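Structural features, examined
Here are the chains, one letter per residue:
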Amino acid sequence: YFLTLGSSRDLEIKPTVYTRDGVTLQSRYRHAFFNGLIDSNFTLGVLRDTDDMFNSDNVDVDGSVSIKSNFSLSDTWRAKVDIEQASDKTYYRKYISDDKEILRSHLLLEGFRNRNYFAIEGYKFQGLRSTDERDSQPIVSPAISYSFSGDPGAHGERFQFDVNFDSIFHQQVTNSRNLSILAGWHIPYRSQSGEIYSLTTSLQSNLYFTSKGANTSLPLTSNQNEIATRVFPQLALNWRYPFFRTTKDSLQF
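Heads up: these notes are all about the structure in this document. Computed from a predicted model, the values in this text were never measured in an experiment.

**Describing the overall build of the chain**
Secondary structure assignment for the chain yields one helix and 15 strands. Seen through its C-alpha atoms, the chain measures out along the principal axes to roughly 80 × 60 × 40 Å. With 253 residues in all, the chain has 25% of them scored as buried. Once local pairs closer than 6 in sequence are excluded, the contacts in the chain between residues at least 24 apart make up 45%. A total of about 17100 Å² of accessible surface is found on the chain, and carbon and sulfur atoms cover 57% of it. Of the charged side chains in the chain, 27 are positive and 29 negative, and the gap between their average positions amounts to 6 Å.

**A closer look at the pattern of salt bridges**
Enumeration over the complete set of coordinates arrives at eight salt bridges. For arginine 48, the salt bridge goes to aspartate 21, with nearest N and O atoms at 3.9 Å. Here arginine 48 is found in strand β4 (residues 36-48), whereas its partner aspartate 21 is found in the loop between β2 (9-17) and β3 (22-32), with 27 residues between them in sequence. The partner of arginine 78 in a salt bridge is glutamate 110, with the nearest N and O atoms 2.7 Å apart. With arginine 78 in strand β6 (residues 77-86) and glutamate 110 in strand β7 (residues 102-113), this residue pair connects regions lying 32 residues apart in the sequence. Judged by relative accessible area, arginine 78 falls into the partly exposed class, the value being 38%.

**Some words on a nonpolar patch on the surface**
Together, Tyr1, Leu3, Ile13, Leu25, Leu44, Val46, Val59 and Val61 make up a nonpolar patch on the protein surface, roughly 720 Å² of accessible area in all. Among the elements of the structure, β4 and β5 (59-72) are those that each provide at least two residues to the nonpolar patch. Judged by relative accessible area, tyrosine 1 falls into the exposed class, the value being 65%.

**Here we look at the pairing of β4**
Summarising the sheet, β3 and β4 pair through eleven bridges and their orientation is antiparallel. The residue of β4 that forms the bridge with threonine 24 is glycine 45. Hairpin geometry of β3 and β4 is characterised by an intervening segment of three residues between the two adjacent antiparallel strands. Examined bridge by bridge, β4 and β5 share 13 bridges and lie antiparallel to one another. Bridging across to β5, leucine 44 finds its partner in glycine 63.

**Looking at the pairing of β7**
Two elements, β6 and β7, share six bridges in a ladder whose sense is antiparallel. Among the inter-strand pairings, aspartate 82 is bridged to a residue of β7, identified as histidine 106. Here twelve bridges tie β7 to strand β8 (residues 116-127), and the two strands are oriented antiparallel to one another. The residue bridging arginine 113 from the neighbouring strand is asparagine 116, located in β8. In this structure, the hairpin formed by β7 and β8 is closed by a connection of two residues, where asparagine 114 is found at a positive phi of approximately 55 degrees.

**Some words on unusual backbone geometry**
Residue proline 142 follows serine 141 across a cis peptide bond; omega there is -5 degrees. Summarising the element assignment, proline 142 is placed in strand β9 (residues 139-149). Here the phi dihedral of asparagine 114 falls at roughly 55 degrees; this positive angle occurs in a residue that is not glycine. Looking at the secondary structure, you find asparagine 114 in the loop between β7 and β8. Note on asparagine 114: relative accessible area 78%, which makes it exposed.

**Considerations on the environment of arginine 48**
On the basis of relative accessibility, which here comes to 30%, the residue arginine 48 falls in the partly exposed class. Remark: the alpha-carbon pair of arginine 48 and aspartate 21, spanning 27 residues in sequence, is separated by 5.1 Å. Among the polar contacts made by the side chain of arginine 48, one reaches the main-chain carbonyl oxygen of arginine 20 at a distance of 3.3 Å.

**A look at the packing of aromatic side chains**
Applying the stated criterion across every chain, the model contains ten aromatic pairs. Seen from their ring centres, tyrosine 91 and tyrosine 95 are 6.1 Å apart, and the 35 degrees between their planes marks the pair as tilted. Placement of the pair is tyrosine 91 and tyrosine 95 together in helix α1 (residues 89-96), with a separation of four residues, close to one helical turn. On the accessibility criterion, tyrosine 91 (2% relative accessible area) is buried. With a centroid separation of 6.4 Å and an interplanar angle of 20 degrees, the aromatic rings of tryptophan 239 and tyrosine 241 are classed as stacked.

What counts and how
- Residues numbered from 1 in each chain as written.
- Predicted model: local features only at pLDDT ≥ 70, side-chain atom pairs only at ≥ 80, totals over all residues.
- Heavy atoms only, no water.
- Helix = DSSP H or I, 4+ residues; strand = E, 2+ residues; numbered from the N terminus.
- Buried < 20%, exposed > 50% of the residue type's maximum accessible area, 1.4 Å probe, protein only.
- Contact = heavy atoms within 4.5 Å.
- Areas by Shrake-Rupley, 256 points an atom, 1.4 Å probe, with all protein chains shown as cover.
- Lys, Arg positive; Asp, Glu negative; His and termini not counted.
- Charge placed at Lys NZ, Arg CZ, Asp CG, Glu CD.
- Salt bridge = Lys/Arg side-chain N within 4 Å of Asp/Glu carboxyl O.
- Patch = residues over 30% accessible without salt bridge, like charges linked within 9 Å, V, L, I, M, F, W, Y side chains within 5 Å.
- Pairing = 2+ DSSP bridges.
- Polar contact = N/O pair within 3.5 Å; in protein donor to acceptor, adjacent residues only side chain to side chain.
- Phe/Tyr/Trp six-rings, centres within 6.5 Å; stacked < 30°, edge-to-face > 60°.

Shown next as structure tokens:
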């Protein structure tokens, strides 16, 4: 059943009755705003418990949610919220969708200003395969990125600066954090004969930290709780000599 709720909203309801298993109810609600949109899907299932071989008359109540939204908060900031979760992976694969192996939830706040970019985001995963356990799925929170690109100089030279921080949590294995800082300088040059040169210098620094998960049964050793660093300088010279020609109907290069 499809229902229009105005010029910017609608609702779709889809019940499914099974002769042996029970009933599922799926609904989809969409709402468009001036600065964004929401697209949500909810499901509810009242179904016979087929996993209980001793008492097949048991009834389980399961459900799932999927919400996708994008909003422009201002000329600089944008926000994105994607949520996918199910109460039971067997219910989702059997009655909702059999082509997905992972449900992904993602939160993002990002900003653009001049030559600067900043983003903070988080991820949560739910595996739908029979071998997936809920406590073993990673949670990424937060993941922070910052990028700065300087204005080109008189000769086209440009400064680049990037910072990335990732924090990954597991309940049953080790947790990890990574801080990466990259600073570089790019200098282009074009000769009168058409040769293209570019000189790039960069210095990347990394800091790694690992620790034992909250519910892991692994013994705490130096391999589960340690700090490591890395410094990686780079110097590159690139040369190109492009060949191209034009015809009446085409460009070859």
